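Overview (structure and organization)
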Amino acid sequence: VVGAGRPTSVEQRLGLLEPLALALQSEAGQAAEQPGALSDATAAMLLRAPLVALGVPAEQASARLLDWCCDRGILTQAGAQGDRTIAWPPLREYLAARALAAAPDFVERAAGLGGDPRWHEPIALAISELGRERAPQAAGELFRRLIERADKPARRPASRAPASAPEAAEPPWGATLL
């Protein structure tokens, strides 16, 4: 796919798409169904390190990889500028989760994203990935931090009425993680 005579495995292809998905998930609208979009230049920049790690010349391969992904419907055009996106939320969330789980600062990043509804599903998927790739201590540390955050009183605007008991009892990361 990316280099002449260099077939890539499914794992390598997923690894190439993970940084794109992570950036797209971060750019997504408040509803998970509103995908973010990346220019070809930004996508090429995000693909550079994974392509170099595979020993593939990034300048030539990134355009071919983006075209290959578009031909197969993995990436779609978003907007008049020709930006690209992963329009299917489950695929974008899964690939973003894989990238998040592989991050050396996973616990800090995931704890920081835990209050954002766009990240509920990807964080749950990342925790699942941790069981396959890394020690489960990272998942335990994330849960500890999220629970600590839930124990702190939430700041509410003065004009808002106090929360009802069921609302106040819901953890800040939502029910999807439990």
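Everything below is about the structure printed above this text.
The paragraphs below set out a description of the structure included in this document. All figures in this text were calculated on a predicted structure; none of them were measured in a lab. Every chain begins its residue count from 1, and numbering advances along the sequence as written. Only residues with pLDDT of at least 70 are given local features in this predicted model, and only at 80 or more are side-chain atom pairs given and counted; all residues enter the totals for whole chains, interfaces and linings. The side-chain numbers reported here are obtained from all heavy atoms of the structure, hydrogens and water having been left aside.

Describing the pattern of salt bridges
Close approach of charged atoms lets side chains of opposite charge pair. Counted as salt bridges are all cases of a side-chain nitrogen of Lys or Arg within 4 Å of a carboxyl oxygen of Asp or Glu. Overall, the coordinates contain 4 salt bridges when judged by the stated rule. The shortest N-O distance in the salt bridge between D67 and R84 comes to 3.6 Å. Of this pair, D67 sits in helix α3 (residues 58-71) while R84 is found in strand β2 (residues 83-85), placing the two residues 17 residues apart along the sequence. Classification of residues uses two cut-offs on accessible area relative to the type maximum, computed with a 1.4 Å probe and protein chains only: under 20% is buried, over 50% is exposed, and between them is partly exposed. Looking at D67, the relative accessible area reads 40%, which means it is partly exposed. A residue is classified by how much of its surface remains accessible, and R84, at 15% relative accessible area, is buried. Of the charged contacts in the structure, one is a salt bridge between R118 and D116, with a shortest N-O distance of 2.6 Å. Comparing R118 with D116, the two get one shared label, buried. Overlapping salt bridges bring together D40, D67 and R84 as one network. Put simply, DSSP H or I for four residues or longer makes a helix, DSSP E for two residues or longer makes a strand, and each gets a number counted from the N terminus.

A short note on helix α2 (residues 40-53)
Every helix has an expected span of 1.5 Å times one less than the residues it contains. With 14 residues, α2 should cover 20 Å at 1.5 Å per step; its first-to-last C-alpha distance of 20 Å lies within 8% of that length. L47 marks the point of greatest bend in α2, at about 35 degrees, and the proline P50 comes within the next four residues. Buried within α2 are the following residues: A43, L47, P50 and L51. Residue contacts are counted whenever heavy atoms from the two residues lie within 4.5 Å of one another. In this fold, the buried residues of α2 make contact with α1 (10-27) and α3. G55 occupies a position one or two residues after α2 and carries a positive phi of about 80 degrees. One axis fitted to the seven residues ending at a residue, another fitted to the seven starting there: the angle between these axes is the bend at that residue.

As for the packing of α1 against α2
When two helices pack together, their arrangement is given by the angle between their axes and by how far apart the axes lie. Fitting a line to C-alpha atoms yields each axis, with helices limited to the stretch in contact; the angle taken between N-to-C directions then spans 0 to 180 degrees. Closest axis-to-axis distance for the α1/α2 pair is 9 Å, and the angle between their directions is 145 degrees. Handedness of the α1/α2 crossing: right-handed. Mapping the contact onto sequence places G15, L16, P19, L20 and A23 in α1 and A43, L46, L47, P50 and L51 in α2. Under the convention adopted here, Pro, Cys and the residues Ala, Val, Leu, Ile, Met, Phe, Trp and Tyr are nonpolar, Asp, Glu, Lys and Arg are charged, and Gly plus all remaining residues are polar. Grouping the constituent residues of the contact of α1 with α2 by class yields 9 nonpolar, 1 polar and no charged. In this scheme the crossing of two helices becomes right-handed for a clockwise turn of the near helix relative to the far one and left-handed for an anticlockwise turn of less than a right angle.

Overview of helix α5 (residues 106-113)
Among all positions in α5, only F106, V107, A110 and A111 are buried. Around the axis of α5, the buried residues are gathered within 120 degrees of arc, so they sit on the same side. Note that the arc is defined by the directions from the helix axis to the C-beta atoms.

Focus on the environment of T85
Within the fold, T85 resides in strand β2. Discounting chain neighbours no more than four positions away, the residues touching T85 are L24, P35, G36, A37, I74, L75, T76 and A78. Any N or O atom pair separated by 3.5 Å or less is treated as a polar contact, with the protein-specific requirement of one donor-capable and one acceptor-capable atom, and with residues adjacent in sequence counted only for side-chain atom pairs. Here G36 takes part through its backbone oxygen, which lies 2.5 Å from a polar atom of the side chain of T85.

As for the side chain of E18
By secondary structure assignment, the location of E18 is in helix α1. Take E18: its relative accessible area is 10%, and that puts it in the buried class. At 2.5 Å, the side chain of E18 and the side chain of R98 are in polar contact. Setting aside residues no more than four positions away along its own chain, E18 makes contact with L95, R98 and A99.

Bear in mind that shape data such as this cannot, by itself, settle questions of function.
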